[in-house]
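Survey of secondary and tertiary structure
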Amino acid sequence: MSTIRMTGLTSGLDTGSIVAALMSAQTMKKTKIENKKTKLEWKQEIWASLNTKLYNFYTDSLNKIKTQGTYKTKAATSSDSSKVTATATSSAAEGTYRVKVNSLASAQYVTSGILSGAKDSDGNIVSATSSTKLTDLVDADGNQAFTAGSQITVSSASGTRTLLITEDTTISNFVSTLSNAGLTASFDESQQRFFISSSTSGEDQSFSITLNSLTDEQQQAVSDLKASIGYSYLSTTNQAAVDKILDQLQSGEVTYDDVAEDLESYAATAAKTGVNAYYKQKYTSELQSEYFSDEDCTTVSDAGKAALIASMVSDSVTEEEATEKVEAMTDTQLASKVSSLVTTQVTAKIKENSDEISNAVTNGVSDSDADAFLQKSADDRVEAMSELAQSYNSVMSNLTAVDGGLSGLGLNTVDGKAVAEGDDDSGMVVIAASDASITFNGATLTSSTSSLTVNGLTLNIIGETEGSEITISVTKDTSAIYDTIKDFLTEYNSILEEMNDYYDASSASDYEVLTDDEKEAMSDDEIEKWENKIKSSLLRRDDTLNSLISSFRNTMSSSYTASDGKTYSLSSLGISTSTDYAEGGLLHIWGDEDDDVYADDDNVLESLLNSDPELVMEVLTGITGDLYETLQKKMQTSTLSSALTFYNDKEMDDLLEDYEDQISDWTTKLNDLEDRYYSQFTAMETALASLQSQQSALSSLLGS
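Quick look at the structure, then. (Residues numbered from 1 in each chain as written. Predicted model: local features only at pLDDT ≥ 70, side-chain atom pairs only at ≥ 80, totals over all residues. Heavy atoms only, no water.)

1. Focus: helix α15 (residues 524–536)
To keep it simple, the criterion reads: Helix numbering and strand numbering both begin at the N terminus, where a helix is a DSSP run of H or I of at least 4 residues and a strand a DSSP run of E of at least 2. A helix's residues, less one, multiplied by 1.5 Å, set its expected span. Remark: exposure states derive from per-residue accessible area (1.4 Å probe, protein chains only) relative to the maximum for the residue type, with buried under 20%, exposed over 50%, and partly exposed in between. Here the arc refers to the directions that run from the helix axis out to each C-beta atom. When checking whether two residues touch, look at their non-hydrogen atoms; a contact exists if any pair is within 4.5 Å.
For α15, which comprises 13 residues, the first-to-last C-alpha distance of 18 Å matches the rise-based estimate of 18 Å (1.5 Å per residue) to within 8%. Restricting attention to buried positions, one finds in α15 the residues Ile527, Glu531 and Ile534. Take α15 and look down its axis: the buried residues cluster within an arc of 50°, on one side only. Against α1 (15–65) and α14 (516–520) lie the buried residues of α15.

Now the structure itself:
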């Protein structure tokens, strides 16, 4: 319950200002805590950012430079990069290798001859398009090239895919079958040619395309099996999936047991879709027969009008008003309204009879006029499908290949072999699939691609050497090692410089966190500069930061005893700090062209990498390994910090909670104090009002 505050009505005092002045000193105590909390939050943000950089340095640059494999980088050089290029791993033995390129890897390419065209509806020969039906294509003599009931079979490394030719099968369907077999295929309408290739190179990627004639028994087997699955009720996507399964059954890639579960699932999906479509059509036919007087549903019957009127009656529309609206409609409007009503009522009837429909999906539709597939129960569907699918391979085996049967597509026999010049009347061109072959130091090696890996070398084969030899030279890649060391030192200096800047920052003791009133009097740029001044000083002389800086400097300036018994430091490798103490321990490579201080000196590191790379590796891995272990210990969990953290994050979190508790306590205390002040002033105002009332009464008595 809030205190009633009287604002000087009797005394004439500015009570609000007086209370605000009284509260000011106490509020300052809360503000100081809030400022401490804000600064601590800023300090957390700075440490979190710095911690991320330190951890990334630890896991990336430092981890890499301390690993001996970093110093075993090899370079491979080809004497003829127009024939072979090479890259070397650290496991490649240094030396010179002799290479002959005997042949290149190739995918199988088929370019069809120019199509002879297709007959249009008037019997004229016209150019083919992607939508042209295969049964309309003609051969070179102008005769029909394909008849319904034959089958195109495509066999590739991805498996066998078939295309059963019907009256509606198009060139686009043929291209899709090729694609489904894992081939790259297109029909160029402007060139009237097919362009077909295997997706990758290598002898094992060859493919074949044949035309097979199906017997009446085989055509019936295809039709019956699809009908038993409910193929016509499936979506296009599901039909494509079933086609793939049937192809696998036909070729023997799978047995029925392998695909039974999938086929049963598709059959169940088809049954559900088909039964729902059956009932939708049934209810629609029943209502249309009742609501319309003709089969075209253009003349509405009296029953249809009555149903429409009934659907329009509501709390705001009477039956009489609905009747008037219906009578005012034209025949076209009336037919349209009743058609919409039929759709609505069919949806309602399907929902109302959902149990009957679900039962029909399981036990079959009890209507002899319904499709045979829909009349079967779920068990009967599975049994029929199982029987047909299990015999499918045997029925579909021994297909008869039709010689030259693909001429309508500009193709002849496609069996993975190149067509010898002049041997193909169709104009088709075939480049056979082949492996790359090289002679490597006298041994013949093959690869299905243009890339071949041997003895730590990766050879990229570009062209045949025509019997001559080229050489591949493998040497230690000192320039790559040098660049790795340089990148590490750049990262090291960047982090050390940032830590130095925070630790040696100027004091900001005269700067406090801005209040809202102070911010209103300043521009955004002024506010940012003010706050950045405070933030930049928050890690000034920080003990944790000092410990990290010392670890960096002390470890990297330490010495290491190598296997030769001698003691070395980074300066022995031509790496040292400058004479400028203000740099704070940043490291330089003597003679490095990018170093403004030491660019003119001799590059000792580069010379040692060429003359004694093992020594460089030993010293650097030893010293940086010590720094790695030191940072690892500093990231261990403790009562003050979490794992993988270089600063006291737990301690800061606890302190933040303490500040929040103090601020909450002060908020309550200040509210209570303000209420007490106002209560006191209210009591004073009440007393003054009472006194005035008494004086007025007394004056009135005396005056009378």
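Now that the structure has been shown, the text picks up again.
2. What about the sheet that holds strand β4 (residues 109–111)?
What counts here: Here the rule is simple: two strands pair whenever DSSP picks up at least two bridges between them. Here the axes come from fitting lines to C-alpha atoms, over the contacting stretch only for helices, and the angles between their N-to-C directions go from 0 to 180 degrees.
Taken in spatial order, the 4 strands of this open sheet run β9-β10-β4-β13, and their pairing is antiparallel. Looking at the sheet topology across the chains shown, the edges are occupied by β9 (183–188) and β13 (429–431). The mean inter-strand angle of the sheet, taken between neighbouring strand axes irrespective of direction, is 5°. Of the strand pairs in this sheet, β4 and β13 are connected by 3 bridges, and their pairing is antiparallel. When the bridges of β13 are listed, tyrosine 109 appears paired with isoleucine 431. The strands touched by helix α2 (residues 171–180) are β9 and β10 (193–198); relative to β9, the strand with the most contacts, the crossing angle is about 160°.

3. Here we look at the side chain of threonine 135
Following the sequence through the fold, threonine 135 ends up in the loop between β6 (125–126) and β7 (150–156). Excluding anything up to four places from it in sequence, threonine 135 contacts Gln144, Phe146, Thr147, Ala148, Ile165, Thr166 and Glu167.

4. Observations concerning helix α3 (residues 216–229)
Because each turn of an α-helix spans 3.6 residues, side chains separated by three or four positions end up pointing in the same direction. Relative to the 20 Å expected for 14 residues at 1.5 Å per residue, α3 spans 20 Å between its end C-alpha atoms, a close match to the ideal helical length. The complete set of buried residues in α3 reads Gln218, Ala221, Val222, Leu225, Ser228 and Ile229. Along the axis of α3, the buried residues cluster in a sector spanning 140°; they form a single face. The first or second residue beyond α3 is glycine 230, which carries a positive phi of 80°.

5. What about the environment of glutamine 250?
Structurally, glutamine 250 can be placed in helix α4 (residues 236–251). Overall, the relative accessible area of 10% leaves glutamine 250 in the buried class. Once the C-alpha coordinates of glutamine 250 and glycine 416 are considered, the two residues, 166 residues apart in sequence, prove to be 22 Å apart. If we skip the residues at most four places from it in the chain, glutamine 250 touches Gln151, Thr162, Tyr392, Asn393, Met396 and Leu399.

6. Describing the pattern of salt bridges
Test applied: Each reported salt bridge corresponds to a side-chain nitrogen of Lys or Arg within 4 Å of a carboxyl oxygen of Asp or Glu.
Applying the stated criterion across every chain yields a total of 13 salt bridges. In this structure, the salt-bridge partner of aspartate 542 is lysine 43, at a minimum N-O distance of 3.5 Å. Remark: lysine 43 occurs in helix α1 and aspartate 542 occurs in the loop between α15 and α16 (543–556); sequence separation between them is 499 residues. Note on aspartate 542: relative accessible area 10%, which makes it buried. Taking the shortest distance from any N to any O, the salt bridge between lysine 226 and aspartate 243 comes out at 3.9 Å. Remark: aspartate 243 occurs in helix α4 and lysine 226 occurs in helix α3; sequence separation between them is 17 residues. Among the residues examined, aspartate 243 registers a relative accessible area of 27% and is labelled partly exposed.

7. Topic: a positive patch on the surface
This is how it is decided: Within this analysis, patches are made of residues with over 30% relative accessible area and no salt bridge. Like charges are joined at 9 Å or less; nonpolar side chains (Val, Leu, Ile, Met, Phe, Trp, Tyr) at 5 Å or less. Throughout, the Shrake-Rupley method with a 1.4 Å probe supplies accessible areas, and for residues the shown protein chains are the sole cover considered. Counted as positive: Lys and Arg. Counted as negative: Asp and Glu, with His and the chain ends omitted from the count. Here the site of a charge means atom NZ of a Lys, CZ of an Arg, CG of an Asp or CD of a Glu.
A contiguous patch of positive charge on the surface is contributed by Lys29, Lys32, Lys36 and Lys669. Counting through the fold element by element, lysine 29 comes out in helix α1.

8. Concerning the layout of surface pockets
Where we set the bar: A pocket here means an open set of points on a 1 Å grid, computed over the protein atoms alone, that has protein on both sides within 12 Å along at least five of seven lines. A cavity is instead a set of points where a 1.4 Å probe fits but cannot get out; residues with an atom within 4 Å of a point line either one. Grid points are joined across faces, edges and corners, and a volume is the space filled by probe spheres set on the points. Think of it as three bins: nonpolar holds Ala, Val, Leu, Ile, Met, Phe, Trp, Tyr, Cys and Pro, charged holds Asp, Glu, Lys and Arg, and polar takes everything else, Gly as well.
The computed volume of the largest pocket comes to approximately 610 Å³. The wall of the largest pocket is formed by 24 residues, among which Thr162, Leu163, Thr177, Tyr231 and Asp243 lie closest to the centre. The set of elements that each furnish at least two residues to the lining of the largest pocket consists of β8 (159–164), α2, α3 and α4. Taken together, the residues of the lining of the largest pocket sort by class into 7 nonpolar, 11 polar and 6 charged. Residue lining of the second largest pocket: 17 residues in total, with Thr31, Asn35, Val513, Leu514 and Thr515 positioned closest to the centre. For the lining of the second largest pocket, the secondary-structure elements that each account for two or more residues are α1, α14 and α15. No other element matches α1, which puts 8 residues into the lining of the second largest pocket. Grouping the constituent residues of the lining of the second largest pocket by class yields 5 nonpolar, 5 polar and 7 charged.

9. Considering the packing of α16 against helix α18 (residues 613–634)
Basically, it comes down to this: Any angle that is under 35 degrees is reported as roughly parallel, and any over 145 degrees as roughly antiparallel; angles of 65 to 115 degrees are reported as roughly perpendicular and all others as oblique. Working rule for handedness: look at the near helix, and if it is turned counterclockwise from the far one by less than a right angle, call the crossing left-handed; if clockwise, right-handed.
Interaxial distance between α16 and α18 falls to 9 Å at its minimum, and their mutual angle equals 160°. By the angle between their axes, α16 is roughly antiparallel relative to α18. Here the hand of the crossing between α16 and α18 comes out right-handed. Only Ile623, Thr624, Asp626, Leu627, Thr630, Leu631 and Lys634 of α18 make contact with α16, whose side of the interface consists of Ser547, Leu548, Ser551, Phe552, Thr555 and Met556.

It is worth stressing that arrangement in space is one thing and function is another; only the former is reported here.
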